Amino acid sequence: MWKTIQPAPPDSILGLTDEFRKDQNPSKVNLGVGVYKDDTGNTPVLRCVKAAEKELVEKQLSKSYLPISGDPAYAQAVQGLVLGGASEVIAAGRAVTAHAPGGTGALRVGADLIHKFSSQAKVWVSSPTWANHNGIFGAAGFEIERYAYYNPESKGLDFDRMMDDLQRIPVGDVVVLHTCCHNPSGVDLGQDQWREVAALAAQKGWIPYLDFAYQGFGDGVNEDRFAVEQFAAVGIDFFVASSFSKNFGLYNERTGAITVVTPSAEEAAVAMSHLKSVVRTNYSNPPAHGGLVAATILNSQELHAMWLDELAQMRNRIVEMRKALVEGLAKQGVEGDFSFIAKQRGMFSFSGWSDDVVQWLRDNRSIYVVGGGRINLAGLTTSNIDYVCSAVADAMRR
């Protein structure tokens, strides 16, 4: 059946990692894929995760299926993390949560749920956005539209144009919003801006779909959920897709969750019934290990404190690498003001490097950057920062 079918193109980001693995240059640097690395260039297993896994191994008595929506303790822990333990939404029973295979799986489950009842709706994503948003919502059957977000001239948020676009989105359409640490730009909304967007959503009747992949990588776990709290306060329907790949380092455990927030507990119960139906015909039951690890950590005072400390170390390392890159480029005499990199948040930044520069870095220095110049700051270390800055200087002087 495959004789007349052309091969699919490689994924723009994961395909880059495949090329990186094949590269024999000992000085190679991967600034592409969105995976946290420590200063030795490794993706660590957190100490709190090791401790939780040890506890699970000692206490676990069965490998039987989890419920369709996952372990209830996990759902409760996720809601406390995403909404805040004292949230009125939780107290009123206005939210339901299902354990999903990673943030990607959470996005797709929510997309399938919405499409089941609103197949004519359009999904609006920021310009730019994480490339897989287009694939996920497109595969779920939605037509994709874009709203203004990033201003390449100011290297910041184009908020006025964004609000103009959001004003025109019809009732019932879906708007995908990056809750913090915008991927790929690293540019986030401020608190007053989030208040305006939440109020507009309530006024216009479109459905916010919050992609919350980097909680704790911006300013902190509590601070980073500010946007979620604003949508919860206006009492509308919205969705939150969580990922614990980054903030727990549970990449290969595919640990995520989809949370559906509604105006009432009765509506939440209806949403959960259909959410279970979507899961049942997709993967039936979620994988257990990662969710049980996260729940164990979040429900233990000692492990929770350990996690917050390790998360702060990861967040602070990225901040330091942002500063080091700005200083290193200036030291190399690279023309232009790159101070915007130090002002952004999270793992990613639009570097401003052209596609020609990106290609030259790959071909001549084995430095791998996604097309368009998006870089993962966590790929920088104290050992490779000088090499990268020197290479960028060479590339831009050609």
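Residue positions are given per chain, counting from 1 as you read along its sequence in written order. With the structure being a predicted model, the display of local features is reserved for residues of pLDDT at least 70 and the display and counting of side-chain atom pairs for 80 or more, all residues being used for whole-chain, interface and lining totals. Here the side-chain values reflect all heavy atoms present in the structure, with hydrogen atoms and water set aside.

Enquirer: Would you mind going over helix 16 (residues 385-397) in detail, with residue names and values included?
Expert: For the α-helix, the turn length of 3.6 residues means that residues three or four positions removed from each other point alike. The helix count covers DSSP runs of H or I at least four residues long, the strand count covers runs of E at least two residues long, and both are numbered beginning at the N terminus. For a helix, the expected span equals 1.5 Å multiplied by the number of residues minus one. Over its 13 residues, helix 16 extends 18 Å from the first C-alpha to the last, a length consistent with the 18 Å expected when each residue adds 1.5 Å. When a residue's accessible area, from a 1.4 Å probe over protein chains only, is under 20% of the maximum for its type it is buried; when over 50% it is exposed; and in between it is partly exposed. Taken residue by residue, helix 16 has Ile385, Val388, Cys389, Ala391, Val392, Ala393 and Ala395 as its buried positions. Where the residues of helix 16 are buried, they touch strand 1 (29-30), helix 13 (301-331), helix 15 (355-365) and strand 12 (367-368). We call two residues in contact whenever any of their non-hydrogen atoms come within 4.5 Å of each other.

Enquirer: Could you give me a rundown of the nonpolar core, with the residues and numbers involved?
Expert: In terms of nonpolar packing, the biggest core is built from 107 residues, with Met162, Leu166, Val197, Phe231 and Trp307 touching the most fellow members. Per element, the largest residue contribution to this core is eleven residues, and it comes from helix 13. Dropping the residues within four chain positions of it, Phe231 is found in contact with Leu177, Trp194, Val197, Ala198, Ala201, Pro208, Leu210, Ile236 and Phe238. Among buried residues, those of type Ala, Val, Leu, Ile, Met, Phe, Trp, Tyr and Cys that are joined through side-chain atoms within 4.5 Å constitute a nonpolar core. Counting 31 residues, the second largest nonpolar core, distinct from the first, contains Val96, Val109, Val125 and Ile136.

Enquirer: So, the packing of aromatic side chains: which residues are in play, and what are the values?
Expert: Ring pairs are drawn from Phe, Tyr and Trp, using the six-membered ring of Trp, whenever the two centres fall within 6.5 Å, and their geometry is named by plane angle: stacked under 30 degrees, edge-to-face over 60, tilted for the rest. With the rule as written, the count across this model stands at 13 aromatic pairs. Pairing Tyr214 with Phe348 gives two aromatic rings, centres 5.8 Å apart and planes at 85°, and the pair type is edge-to-face. In this pair, Tyr214 sits in the loop between strand 8 (207-212) and helix 9 (221-224) while Phe348 sits in strand 11 (residues 348-350), placing the two residues 134 residues apart along the sequence. On the numbers, 6.1 Å between centres and 35° between planes, the contact of Phe338 with Phe340 is tilted. Classification of Phe338 by relative accessible area gives buried; the value is 10%. On the basis of relative accessible area, Phe340 is assigned to the buried category, the value being 10%. Three or more aromatic residues link up through ring pairs in this structure, and these residues are Tyr74, Phe244, Phe248 and Trp307.

Enquirer: Just give me the short version of the pairing of strand 4 (residues 143-148), but keep the residues and values in it.
Expert: Here strand 3 (residues 122-127) runs beside strand 4; their pairing, made up of six bridges, is parallel. Residue pairing in the sheet places Ser127 in a bridge with Ala148 of strand 4. Each parallel crossover has a hand, and for strand 3 linked through helix 6 (residues 131-139) to strand 4 it is right-handed. When DSSP finds two or more bridges between a pair of strands, those strands are recorded as paired. For crossovers, right-handed means that the path from the first strand over the helix to the second runs clockwise, given strands pointing away from the viewer.

Enquirer: Could you give an account of the pairing of strand 10 (residues 255-261), with specific residues and numbers?
Expert: Consecutive side chains along a regular strand alternate between the two faces of the sheet. Across the seven residues of strand 10, seven count as buried, placing the element largely inside the fold. Of the two faces of strand 10, the one lined by Thr255, Ala257, Thr259 and Val261 and the one lined by Gly256, Ile258 and Val260 are each fully buried. For strand 2 (residues 95-101) and strand 10, the ladder comprises seven bridges, and the chain directions are antiparallel. Looking at the pairing, His99 lines up with Ala257 of strand 10. Bridge analysis of strand 9 (residues 238-243) against strand 10 gives six bridges, and the strand direction is antiparallel. Bridge assignment links Ser242 to a residue of strand 10, and that residue is Ala257.

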